[in-house]
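Remarks on the overall topology
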Amino acid sequence: MNIFCAIDLNKKEKAHLKENVSQHQLIFKDEIGENPVDTFFDCEICFGNIPSTWVEKSNKLRWLQLESVGFDTYLKLETPNNPSITNLKGFFAVPVAETVIAGILALFRGMDKFVQLKETEGWQGADMRPALRTLNNSTVLILGAGSIGLHLKGLLESFNCKILLYDKYNTNADSTDISDLQTILPSMDIIVNCLPDTQETKHLLNKERLKLLNKNAIVVNVGRSPTIDEDALINCLKEKRIAGAVLDVTNKEPIPQDHPLWKVPNVILTQHTGGGYRNEILDKVDVFLENLKRFEEGLQLHNVIDVTKGY
């Protein structure tokens, strides 16, 4: 079979992939030239995120392994060959959850300000002590009870936090009814969004719900940006109606130079690195190789998504 590799790999990662797929023809997108799509149309398997239009026009594609958890661009495709599409569900749970903890602690313990003070050689520790907070015993609302939300819950439990999980489609969540947020939000110290971008999640935290938050609350977004009304969030931060935010995702990436988020106080921007770690790409290759073995043996692939339903 022909395997089209659309993911960017270094020499070590390419070598690791090659030595495990020697029985197939492996084609790397970055080695083709100006018109890789023509070569793609001759492939039965693809590893990496490609334009959805390519999938719709391919008569040979049988399986697409995404390099991401997100798959919104592949929803409701009309394809001639009905290929299986698999994602990286659960892959980023550990690094993203740790990013959330790091961001919360940075805000609560003033680490962001101490970094700035080091740059200016300013010493304000005694003045800052009364404003520092602890994560211990905080109340936390996690929006999304998937792998990230559940792993994060486990980490937060070690800080004695009181945790509520909201997820409309997960009966293991504490709440599946969006109307519950009206009574839950005012008492939360921390709100963490781990939800995907769908029609139902768009602006779940809208202007009205953000107004329900107390002035000591912080908002963390490691899900998809549209879940939170970014303009309303910025206004809340400017007017100090909430205490801060940790944003791994934003509406525009990269953020333009004149964007207000660069200057809004008490905001940590992690620039969509939440899922990153040292061996990330090699581990993605291994996920593909494991699924490739299942594909060769005619077994059910891991993490097949239903593009008609969005999960």
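Preceding this paragraph is the structure being described.
This section reports on the structure supplied with the text. (Residues numbered from 1 in each chain as written. Predicted model: local features only at pLDDT ≥ 70, side-chain atom pairs only at ≥ 80, totals over all residues. Heavy atoms only, no water.)

This next bit is on the pattern of salt bridges. Pairing between side chains of opposite charge can happen when their charged atoms approach one another. Under the defined criterion, the tally for this structure stands at six salt bridges. Note that Glu239 and Arg241 form a salt bridge whose closest N and O atoms lie 2.7 Å from each other. Relative accessible area serves as the criterion here: at 51%, Glu239 is assigned to the exposed category. On the basis of relative accessibility, which here comes to 30%, the residue Arg241 falls in the partly exposed class. When salt bridges that share partners are traced, they join Lys14, Asp30 and Glu31 into one network. (Salt bridge = Lys/Arg side-chain N within 4 Å of Asp/Glu carboxyl O. Buried < 20%, exposed > 50% of the residue type's maximum accessible area, 1.4 Å probe, protein only.)

Take helix 11 (residues 280-296) next. Its 17 residues give helix 11 an end-to-end C-alpha distance of 25 Å, which sits within 8% of 24 Å, the value for a rise of 1.5 Å per residue. Within helix 11, burial applies to Glu280, Leu282, Lys284, Val285, Phe288, Leu289, Asn291, Leu292 and Phe295. In this fold, the buried residues of helix 11 make contact with strand 1 (2-5), helix 1 (11-18), strand 3 (45-47), strand 4 (63-65) and strand 5 (84-86). Positive phi shows up at Gly298, right after helix 11, with a value of about 75 degrees. (Helix = DSSP H or I, 4+ residues; strand = E, 2+ residues; numbered from the N terminus. Expected span 1.5 Å × (residues − 1). Contact = heavy atoms within 4.5 Å.)

Turning our attention to the sheet that holds strand 11 (residues 267-269). On the basis of which strands lie adjacent, the open sheet formed by six strands has the order 7-6-8-9-10-11 and parallel pairing. Of all strands in the sheet, those bounded by a partner on one side alone are strand 7 (162-166) and strand 11. The average angle at which neighbouring strand axes cross in this sheet is 10 degrees, direction not considered. As defined by bridge partners, strand 6 (residues 139-143) adjoins strand 7 across five bridges and the pair is classed as parallel. Pairing of Thr139 across the sheet is with Lys162, part of strand 7. Sheet strands in contact with helix 7 (residues 147-157) are strand 6, strand 7 and strand 8 (190-193), and its direction is about 170 degrees off that of strand 7. (Pairing = 2+ DSSP bridges. Axes fitted to C-alpha atoms, helices over the stretch in contact; angles between N-to-C directions.)

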